[in-house]
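Here is how the chains run, residue by residue.
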Amino acid sequence: MQPKATKVIEATRELLRTFGYFTDNLWHIDDIHFICEQKDLPKIDDEEAMEIFAIANQQFDGETGISWPQLEKAINTYLQRKALLRSMCEGTQKSSSAK
């Protein structure tokens, strides 16, 4: 990470801390990429990684918070949704071309 980016992140964390937010455990899109690589899942781009964080947040469990298994579950949910949408779009294209 670039030194300037690191300074901005640390300043932002400190600002949030002063307003009572716990910021010691921040997730990064690289964490999502790492999980995909380790699990031999399809490569995803950074925008998709942010969508996965949104899914993890929607499935948030107050008992466990956002954790590694929670992120793995969110990745699987995202990939299932993506496959479903792809198959639906392909089905629509096939029915349109049959006319």
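For the structure itself, look to the data block above.
Since this is a predicted model, take the numbers as computed values, not measurements.

Q: Would you explain the packing of aromatic side chains in this entry?
A: For any two aromatic rings, the description comes down to two numbers: the centre-to-centre distance and the angle of the planes. For the structure on display, the rule yields 2 aromatic pairs. A ring pair is formed by W27 and W68, whose centres lie 5.8 Å apart and whose planes are at 40°; its orientation type is tilted. With W27 in the loop between α1 (3–18) and α2 (29–38) and W68 in helix α4 (residues 68–97), this pair connects stretches of sequence that are 41 residues apart. With relative accessibility at 27%, the residue W27 sits in the partly exposed group. Ring pairs connect the aromatic residues W27, F34 and W68, which therefore count as one cluster.

Q: Looking at this structure, I do not really get a negative patch on the surface. What am I missing?
A: Together, D30, D45, D46, E47 and E51 give the surface a local cluster of negative charge. Tracing the chain through its elements places D30 in helix α2. A relative accessible area of 48% means that D30 is categorised as partly exposed.

Here is what the cut-offs are and how they apply
- Every residue gets a number counted from 1 within its own chain, in the order that chain's sequence is written.
- In keeping with the predicted nature of the model, local features appear solely for residues at pLDDT of at least 70, side-chain atom pairs appear and are counted solely at 80 or more, and the whole-chain, interface and lining totals rest on all residues.
- As a convention, hydrogens and water are excluded, and side-chain values are obtained from all of the structure's heavy atoms.
- Classification of ring pairs rests on two measures: the distance between centres of Phe, Tyr or Trp rings, Trp counted by its six-membered ring, which must be within 6.5 Å, and the angle between planes, read as stacked under 30 degrees, edge-to-face over 60 and tilted in between.
- Numbering of helices and strands runs from the N terminus; a helix is a DSSP stretch of H or I covering at least four residues, while a strand is a stretch of E covering at least two.
- Accessibility here uses a 1.4 Å probe with only protein chains present; expressed as a share of the type maximum, an area under 20% marks a residue as buried, one over 50% as exposed, and anything in between as partly exposed.
- Within the patch definition used here, like charges are joined within 9 Å and nonpolar side chains (Val, Leu, Ile, Met, Phe, Trp, Tyr) within 5 Å, considering only residues with over 30% relative accessible area and no salt bridge.
- Surface accessibility follows the Shrake-Rupley procedure with a 1.4 Å probe radius. Residue values consider only the protein chains on display as shielding.
- Any Lys or Arg side-chain nitrogen located within 4 Å of an Asp or Glu carboxyl oxygen qualifies as a salt bridge.
- When charges are counted, Lys and Arg contribute as positive and Asp and Glu as negative, whereas His and the chain ends are disregarded.
- Just so you know, the charge point we use is NZ for Lys, CZ for Arg, CG for Asp and CD for Glu.

On their own, these measurements won't tell you what the molecule is for.
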